[in-house]
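Letter by letter, the chains look like this.
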Amino acid sequence: MSSLEERDVGVAAAPGSSSAGLGVGAVGAAVEAVAGVAAMQEDVGIRREGPEPDPDAPPKKRVRIQEGESGKLEERLYSVLCCTVCLDLPKASVYQCTNGHLMCAGCFIHLLADSRLKEEQATCPNCRCEISKNLCCRNLAVEKAVSELPTDCTFCLKQFPRSSLERHQKEECQDRVTQCKYKRIGCPWQGPFHELPAHESECSHPTKTGTELMGILGEMDQSHRRDTQLYNSIFGLLCYEKIGFTEVQFRPYRTDDFITRLYYETPRFTVLNQTWVLKARVNDSERNPNLSCKRTLSFQLILKSKVNSALECSFLLLKGPYDDVRIKPVIYHHSFSNDTNETDYVPLPISDSVECNKLLAAKNINLRLFIFQVQK
């Protein structure tokens, strides 16, 4: 009997007596259940509804669809094109090992950084072949394919191709989070874009007195003063008579302790007719930095030359000309002499642990050092 005939029998015999109706009714119920599941799948494909996920909850790996299981084309492609580490679709660059297993840029960099901290060779989590920036390459075809797959808008939950999602979320989505135009005078409101006109028409900040606004603007000016002070300090240093800069390359080394620790050191270099060395360490020489989610780098400047008098200097590190790491400029000061030829370890002002992993994953860390000698 064909599946169509079985459905017809199930529908016709459902109102009948219980002698043979139990089996036929079960078939009918199963057909209805399958139809219900299919309808639910279509609804989910159009719009996913439900409570918003907890932003503080740890990320969960997506479950792969097993080979042979049915599903929408994009769901089947999801399981083929996803990262082998986090099982999520890559948002930017896609790297592959020599056997073709895919890794998103974040997971790839994290694997290289972990191997550096643990003094091990980084390997593909799928086939265990060696991976490095030289052995792995980007897969442009996968990157373009992923950019065409649909994904949910964070705000309205509608689906769009990944290539157009960023523009939609920044410019077009009516549910995107926006801020009041009176933020410049202290209005803290933020909410969906479609509620913005109603809020601005009722916002109380335009009607505040001058005294109230002066208090709000005074607090806002503090952060601007800090930025202005930094740039003025840099411009002031550029007026010094003796200024030197050079490209420095930190190379990874291990201590000779029973429990070895990773540190970085540059070859000797000459600036302002003096010989210098830079050292850096991870998480202030924490015992097991590979077990920490938060990673930092700190560095110290060491004067190797002998000097006749104190050498008062200001210095700062910036990213090198060919690196993409984000470093916020911070000016440090120290008076060098034969007795105080080393500065304390000071933080390398990178933005977060992601930037730190970029540096750890690199074979060497390339930065640019500026030294300004203070005239007495």
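As a reminder, the structure under discussion sits directly above these lines.
Owing to the predicted nature of the structure, the values given are computational and were not obtained by experimental measurement.

So, how was this worked out
Residues numbered from 1 in each chain as written. Predicted model: local features only at pLDDT ≥ 70, side-chain atom pairs only at ≥ 80, totals over all residues. Heavy atoms only, no water. Patch = residues over 30% accessible without salt bridge, like charges linked within 9 Å, V, L, I, M, F, W, Y side chains within 5 Å. Areas by Shrake-Rupley, 256 points an atom, 1.4 Å probe, with all protein chains shown as cover. Salt bridge = Lys/Arg side-chain N within 4 Å of Asp/Glu carboxyl O. Buried < 20%, exposed > 50% of the residue type's maximum accessible area, 1.4 Å probe, protein only. Phe/Tyr/Trp six-rings, centres within 6.5 Å; stacked < 30°, edge-to-face > 60°. Helix = DSSP H or I, 4+ residues; strand = E, 2+ residues; numbered from the N terminus. Pairing = 2+ DSSP bridges. Contact = heavy atoms within 4.5 Å. Polar contact = N/O pair within 3.5 Å; in protein donor to acceptor, adjacent residues only side chain to side chain.

K.L.:
Quick question: what am I supposed to make of a nonpolar patch on the surface here?
P.N.:
A cluster of nonpolar side chains, namely Tyr-231, Phe-235, Leu-238 and Ile-243, defines an oily patch on the protein surface of about 410 Å² accessible area. A relative accessible area of 49% places Leu-238 in the partly exposed class.

K.L.:
Help me out: how do you make sense of the packing of aromatic side chains in this one?
P.N.:
The description of an aromatic ring pair rests on the distance of the ring centres and on the angle between the ring planes. A full pass over the atoms with the stated rule returns eight aromatic pairs. Their ring planes at 25 degrees and their centres at 5.3 Å tell us that Phe-245 and Phe-370 sit as a pair that is stacked. Of the two residues, Phe-245 sits in strand 8 (residues 242-254) while Phe-370 sits in strand 16 (residues 365-373), which places them 125 residues apart along the sequence. Classification of Phe-370 as buried rests on a relative accessible area of 17%. Clustering of aromatic rings is evident, with ring pairs tying together Phe-245, Phe-370 and Phe-372.

K.L.:
So what exactly am I meant to see when it comes to the sheet that holds strand 2 (residues 102-104) here?
P.N.:
Sheets are built from strands that pair by backbone hydrogen bonding, the pairs being arranged parallel or antiparallel. Pairing within the open sheet is antiparallel, and its three strands lie in the order 2-1-3. Only two strands of the sheet have a single partner each, and these edge strands are strand 2 and strand 3 (137-138). Sheet topology places strand 1 (residues 94-96) next to strand 3; two bridges connect them, and they run antiparallel. The residue bridging Gln-96 from the neighbouring strand is Cys-137, located in strand 3.

K.L.:
Before we go on, may I ask you to explain the pattern of salt bridges in this structure?
P.N.:
A side chain of one charge can pair with a side chain of the opposite charge when the charged atoms of the two come close. Applying the stated criterion to the full structure yields 10 salt bridges. For Glu-166, the salt bridge is made with Lys-170, and the minimal N-O distance between the two is 3.1 Å. Linking Glu-166 with Lys-170, this pair stays in helix 6 (residues 162-172), spanning four residues, or about one helical turn. In terms of burial, Glu-166 and Lys-170 fall into one category: exposed. When the shortest N-O distance is used, the salt bridge between Glu-247 and Arg-368 registers 2.6 Å. Of this pair, Glu-247 sits in strand 8 while Arg-368 sits in strand 16; the two residues are 121 residues apart in sequence, bridging distant segments of the chain. One salt-bridge network, held together by shared partners, links Arg-326, Glu-355 and Lys-358.

K.L.:
So what exactly am I meant to see when it comes to helix 9 (residues 353-361) here?
P.N.:
Because the α-helix completes a turn every 3.6 residues, residues three or four places apart line up on one side. Most of helix 9 is tucked away: seven of the nine residues are buried. Of the positions making up helix 9, those classed as buried are Ser-353, Glu-355, Cys-356, Asn-357, Leu-359, Leu-360 and Ala-361. Residues of helix 9 that are buried make contact with helix 4 (105-118), strand 9 (262-265), strand 11 (274-282), strand 12 (297-303) and strand 16. With a side-chain oxygen positioned 3.2 Å from the backbone nitrogen of Val-354, the residue opening helix 9 is Asp-352.

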